[in-house]
Amino acid sequence: MNSLHPSIRAVWTIRYALWSALVFAGALVRDVVAFIDSSSDLPPAGVLTVLALLGGIAVTVVAPRLRYRRWKYELRPEELYLEQGVFTRVRTVVPLRRVQHLDVSQGILEREYELARFIVHTAGTRASTVLLPGLHIDEANRLHDTVKAYVLEEAR
Amino acid sequence: MNVAERSIESFRESQRLHPMTLLQRLIVSLPGLLILVLTARNDEGPQQWLYLLALGLYGFIAIPMMVLYYLRFRFRISSTDLLIDSGVVTRRRRSIPIERIQNVEIQRPLLARLSGTAKVRVETAGSAGAEGVLELISLETAYRLRDAIRAFQRELKAEDSRASNTAGDVVIGEEAEAQRLAITEASVSGVAPASERLYEMGLGRVLLSGVFRFSLIYIAVMFSGMEYLNVDPVDIFDWVERGPLRPFAEFAATSPTIAILASLAAASAVAWVTGILVNLNRFYRFRLQIDQDKLLYQHGLLTLQEAAIPLKRVQTFVLRTNPLMRRYGWWALDVQTLGLESSRRGRSIIVPFARLEEVLAVLGRLEAVAVPESYLSVSRLTIRRRFLRYSIVLAAASGLVWLIWSPAAWALTGVPVLLAVAFAQYRNHGYVPESEHLFVRSGVLRHQVWVIPTRKHQAFFETESFFQRRLGLASLHVDTAGAPSWRFPQVVDLPVEVCRTQFDALVARIRDGRNRDSSGTLSTAFPEPPLATT
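Asker: What should I look at first to understand the pattern of salt bridges in this one?
Answerer: Opposite charge on two side chains allows them to pair when their charged atoms are near. All names here are of chain A. What the rule picks out here adds up to 20 salt bridges over all chains. Here Glu-110 ties to Arg-117 by a salt bridge, and the two come within 3.1 Å at their closest N and O atoms. Take Glu-110: its relative accessible area is 2%, and that puts it in the buried class. You can call Arg-117 partly exposed: its relative accessible area is 25%.

Asker: Even after reading the chapter, I still don't get the nonpolar core, so can you show me in this structure?
Answerer: Counting residues in each nonpolar core, the largest one holds 36 residues, and the members touching the most others are Leu-288, Leu-333, Ile-350 and Val-351 of chain B. Ignoring any residue separated from it by four or fewer positions in sequence, one finds Leu-288 of chain B in contact with Glu-196, Arg-197, Leu-198, Tyr-199, Leu-295, Leu-296, Tyr-297, Ile-350, Val-351 and Val-362 of chain B. Within the second largest apolar cluster, 29 residues are counted, among which are Leu-4, Trp-71 and Tyr-150 of chain A together with Ala-459 of chain B.

Asker: For this particular structure, what's the right way to read the interface of chain A and chain B?
Answerer: By a widespread convention, an interface's size corresponds to the accessible area lost as its parts come together. Contacts between the two partners involve 29 residues from chain A and, on the opposite side, 36 residues from chain B. Both sides of the chain A and chain B interface together cover about 2900 Å² of buried area, and 55% of this is carbon and sulfur. On the chain A side of the interface with chain B, the three residues burying the most area are Arg-91, Arg-98 and Arg-126 of chain A, jointly 27% of the side's total. At the junction of chain A with chain B, the criterion picks out two salt bridges. The partner of Glu-79 of chain A in a salt bridge is Arg-511 of chain B, and the shortest N-O contact between them spans 2.5 Å. Summed over the shared surface of chain A and chain B, the result is 17 residue pairs in polar contact (both at pLDDT 80 or more).

Asker: Could you clarify how one ought to interpret the packing of aromatic side chains in this entry?
Answerer: To describe a pair of aromatic rings, one takes the distance between the centres and the angle between the planes. Residue and element names in this part refer to chain B. Evaluated as defined, the whole model comprises 11 aromatic pairs over all chains. With a centroid separation of 5.6 Å and 35° between ring planes, the pair formed by Phe-212 and Phe-353 is classed as tilted. In this pair, Phe-212 sits in the loop between helix 7 (203-211) and helix 8 (216-228) while Phe-353 sits in strand 15 (residues 347-355), placing the two residues 141 residues apart along the sequence. As far as burial versus exposure is concerned, Phe-212 and Phe-353 are alike and both buried. Taken together, a centroid distance of 6.4 Å and an interplanar angle of 45° make the contact between Phe-423 and Tyr-426 tilted. Separated by three residues within a single helix, Phe-423 and Tyr-426 lie in helix 15 (residues 415-428), roughly one turn from each other. The rings of Phe-212, Tyr-328, Trp-330 and Phe-353 are connected pair by pair, giving a single aromatic cluster. Sitting over the ring of Tyr-69, Arg-25 keeps its end group 3.9 Å from the ring centre.

Asker: I tried to follow the sheet that holds strand 3 (residues 74-77) of chain B on my own but got confused; where do I start?
Answerer: Pairing between sheet strands relies on hydrogen bonds along the backbone, with the strands arranged either parallel or antiparallel. All names here are of chain B. One open sheet holds the three strands; their spatial order is 3-4-5, and the pairing between them is antiparallel. Sheet topology places strand 3 and strand 5 (92-97) at the edges, where each strand pairs with a single neighbour. Across this sheet, the average inter-strand angle for adjacent strands is 15°, counted without regard to direction. Strand direction decides the pairing type here: strand 4 (residues 81-86) and strand 5, joined by six bridges, are antiparallel. Paired with Leu-83 across the strands is Ser-95, a residue of strand 5.

Asker: Before we go on, may I ask you to explain helix 1 (residues 8-36) of chain A in this structure?
Answerer: Residues separated by three or four positions in an α-helix point in the same direction, a consequence of the helix having 3.6 residues per turn. All names here are of chain A. Look at helix 1: 42 Å from first C-alpha to last across 29 residues, which is about the 42 Å you get at 1.5 Å a residue. Taken together, the buried positions of helix 1 are occupied by Ile-8, Val-11, Trp-12, Ser-20, Ala-27, Asp-31 and Ala-34. Among the structural elements, helix 2 (47-70), helix 3 (108-112), strand 5 (115-122) and strand 6 (130-136) are those in contact with the buried residues of helix 1.

Asker: Whenever I open this one, the side chain of Ser-29 of chain B confuses me. Can you help?
Answerer: Residues and elements named next belong to chain B. In this fold, Ser-29 is placed in helix 2 (residues 20-40). From its side chain, Ser-29 meets the backbone oxygen of Leu-26 in a polar contact 2.7 Å long. Beyond its immediate stretch of four places on either side in the chain, Ser-29 contacts Tyr-58 and Met-66.

Asker: Before we go on, may I ask you to explain the pairing of strand 3 (residues 89-95) of chain A in this structure?
Answerer: It is a general feature of regular strands that their side chains alternate between the two faces of the sheet. Across the seven residues of strand 3 of chain A, six count as buried, placing the element largely inside the fold. The pairing of strand 3 of chain A with strand 19 (residues 459-464) of chain B spans five bridges and is antiparallel. Bridge pairing in strand 19 of chain B links Arg-91 of chain A to Glu-462 of chain B.

Cut-offs used in this document
Residues numbered from 1 in each chain as written. Chains lettered and ligands numbered in written order. Predicted model: local features only at pLDDT ≥ 70, side-chain atom pairs only at ≥ 80, totals over all residues. Heavy atoms only, no water. Salt bridge = Lys/Arg side-chain N within 4 Å of Asp/Glu carboxyl O. Buried < 20%, exposed > 50% of the residue type's maximum accessible area, 1.4 Å probe, protein only. Core = buried A, V, L, I, M, F, W, Y, C linked by side-chain atoms within 4.5 Å. Contact = heavy atoms within 4.5 Å. Buried area = accessible area lost by both parts, 1.4 Å probe. Polar contact = N/O pair within 3.5 Å; in protein donor to acceptor, adjacent residues only side chain to side chain. Phe/Tyr/Trp six-rings, centres within 6.5 Å; stacked < 30°, edge-to-face > 60°. Helix = DSSP H or I, 4+ residues; strand = E, 2+ residues; numbered from the N terminus. Lys NZ or Arg CZ within 6 Å of the ring centre and 35° of its normal. Pairing = 2+ DSSP bridges. Axes fitted to C-alpha atoms, helices over the stretch in contact; angles between N-to-C directions. Expected span 1.5 Å × (residues − 1).

Next up, the structure:
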């Protein structure tokens, strides 16, 4: 069973930091307004900002590590196996026979770290898109080629 | 030149809709006019200039738009596509590749039946797929168009098999084609095509099925309708009082509680009768037929519905009932299909109401399967988990309301009911894994049995939520094409080791290759691009 590429933690950390900053900014605006116009009700000015700051830091530090620890994958001879989830754990098996098409895609952040996502599409509903993030680009391409070879062989 | 080619040929030239379309559009627009006029009536009474504005908008904009719409609308069949040009302000050319067309549905609303026309819906696979609606064209053109599309598709199929199969198969294919052409000719000349009848409902049974279809929606609609028209229920009583119901009305007037109960009872009775009538309108003369590899059904009183479902598009069968129907042995059968019209959420009712053995007979005709009598249970711990979960939700919700309205705390007396619900859900939940099919049943008020052929299994999920892990439980979900995004078949709260075993067994069934046919979904994906549209 394989883990993701360790750099994905950095990508996730940056992403969580950006979201946290957004929430923090929202809370800050609200508190500044509440401070000037003191007639508004609960909670008192400052509380939300502090909560957003502390919560944001906690999530940014902890979440990427936990997610990284829980993510496992394996390309078996006849199926793709994924395991993930911090609170709700999900194990997914996609039989390669059922694969309709494949993608390898990269976001801006992922490109910086030479990472990529491997995406498998089936005719299913929940499994119409099955995502495996945080692979080194070479590994993603290797998976893509292997699965594609299998599907082409099967279609014959 | 054979019949098929002739029927395609007649659609090469672009065609207009039937002139009846104009009248149909006019009638459809009347509710809009009503809304315009009603908005013009404000609190200070009617204002003349607003009425004039409303009528002006209607006369100078809406009506010319209808005429222009009719004049602009054209459709034809090109060498590969069904082309539809439409639009007054925004012009649109829609091309629907004929090989992608899944279903040609011919609908006949009341007006269409009076004027010998029909509304045709052309459906393709894919939830967001292009969809063509021709409203209205003459009935004869509608049948000819449907036959032309079918003939076109048969030709494509025949070319395929000629390219890949042995000589022997081709001969059989041509024979079959000749046979089908004969059928096509027959149906054009008005004789019913030779197909096997699987199920039909007489008038008595349609009415009976309505009796079981009690819906609270009609009550809500009635009350909101009265609200809008400012009809006070008391006025209705006054009106009724003049009739033989007078003593009853007087009695009701003596106590407000009785008055409320009485109006609730009256509303329920009206809703019930409305439900029966709506049901009658929908399923009148329901007929299900099988024609080679297609399921055909038609039904309806005012609006006649006809549709065809290719059998290989069927992903899952669902037997459905509710406690009352189940008590008297009545069931319904749905099929979950890939693609078809998205508003139907991939579910089509193929048997609306029948005895269990009749439902099983239809099912047996479509799929080699025996529905089991007894099911494997999930862990009893599911009762505890569900009960806790519902209690937490109830406590949180009533707590929030309690902040503003203190009597909300009484909602907590409903906790024993939650226990009963959790227990009933446990009793109704079960599964049977067989090598060719997985059976899952669940639901109390809407009790369903899913029959999922192994060859249609697409992917497998095992989930353990935070609370499930505390109790050593896990849920198992088999994904299929066209499944709903909620209320999908799932085996909830198996002991975790049982779940693992079943999970691995399901995966292994795909691996052993006997169930390799995943088709009926999309054809082989790689050799050709998935969507070769224009």
